[in-house]
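Coordinate analysis (summary)
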Amino acid sequence: MGMQDHFDMIADAELRHLEQALGELDPDDVEVELSQGVLTLTLADDAKIVVNSHHAAGEIWMAAYRQAWHFSPREEGGKVEWRTTKDELRTTLSRILGEKLRRDVRL
C-alpha cells in the first residue's frame, strides 16, 4: 500500500468518525453531509463549516468563519491525530461548534 493510499484510508476514517459523531447532534442545529471526501456542516444560521481531505497535500483542511486550518496526520501507537503546529482537528471543531451552539460538543 502506497503512502497516498494510506493517507486516503486514515483521512476517510477520520471524516467518517466526524460524520458519525456530528450525526448525534440535533439536525435542526447542524446538518451533516459527507460526500467525496468533503464533510459539510450547515448550521441553523446557514453558516457552513467545511472539512475536506486534501489528497495532494496529505492533509485534512478545515474552513470555518473566514479561518482555515491545515491538519497533518501524526501517528502514534496505532492512533492518528490530525494537527497543525498548535491545534488538533477534533478539539478545534468541537470548540467552534460549541461556541456557535452554546453547548458542550465532544468529538
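Residue indices begin from 1 for each chain and proceed along its sequence in written order. Where totals are concerned, whole chains, interfaces and linings use all residues; where local detail is concerned, this predicted model gives features only for residues with pLDDT of at least 70, and gives and counts side-chain atom pairs only at 80 or more. Hydrogens are left out, water is left out, and the side-chain values use all remaining heavy atoms of the structure.

The next thing to look at is the packing of helix H1 (residues 3-22) against helix H2 (residues 89-101). Between H1 and H2, the least distance of the axes is 12 Å, while the angle of their chain directions is 30°. Relative to H2, the element H1 is oriented roughly parallel. The handedness of the crossing between H1 and H2 is right-handed. Between H1, through Glu-14, His-17, Leu-18 and Leu-22, and H2, the contact on the second element is made entirely by Leu-89, Arg-90, Leu-93 and Leu-97. Nonpolar residues are Ala, Val, Leu, Ile, Met, Phe, Trp, Tyr, Cys and Pro. Charged residues are Asp, Glu, Lys and Arg, and all others, Gly as well, are polar. In the contact of H1 with H2, the residues fall into five nonpolar, one polar and two charged. All axes are obtained by fitting lines to C-alpha atoms, using only the stretch in contact for helices, and the reported angles, taken between N-to-C directions, cover 0 to 180 degrees. Numbering of helices and strands runs from the N terminus, with a helix taken as a DSSP run of H or I at least four residues long and a strand as a DSSP run of E at least two residues long. We call two directions roughly parallel when the angle between them is under 35 degrees, roughly antiparallel when it is over 145, roughly perpendicular when it lies between 65 and 115, and oblique otherwise. The sense of a crossing depends on the near helix, which, turned anticlockwise from the far helix by less than a right angle, makes the crossing left-handed and, turned clockwise, makes it right-handed. The contact criterion used is simple: two residues touch if any of their non-hydrogen atoms lie within 4.5 Å.

Another aspect to go through is the packing of aromatic side chains. Pairing of aromatic rings covers Phe, Tyr and Trp, the last through its six-membered ring, and needs centres within 6.5 Å; plane angles under 30 degrees mean stacked, over 60 mean edge-to-face, and all others mean tilted. Scanning all chains against the criterion turns up one aromatic pair. Aromatic side chains Phe-7 and Trp-82 sit 5.9 Å apart centroid to centroid with 75° between the ring planes, which places their arrangement in the edge-to-face category. With Phe-7 in helix H1 and Trp-82 in strand S6 (residues 79-83), this residue pair connects regions lying 75 residues apart in the sequence. What makes Trp-82 buried here is its relative accessible area of 1%. Burial here depends on accessible area, computed with a 1.4 Å probe over protein chains only, as a share of the maximum for the residue type. Under 20% is buried, over 50% is exposed, and the range in between is partly exposed.

The first and last C-alpha atoms of H1 sit 28 Å apart over 20 residues, in line with the 28 Å expected at 1.5 Å per residue. Buried within H1 are the following residues: Phe-7, Ile-10, Ala-11, Glu-14, Leu-15, Leu-18 and Leu-22. All buried residues of H1 project into a common sector of 135° when viewed along the axis, lining one side. Every helix has an expected span of 1.5 Å times one less than the residues it contains. Note that the arc is computed from the directions linking the helix axis to the C-beta atoms.

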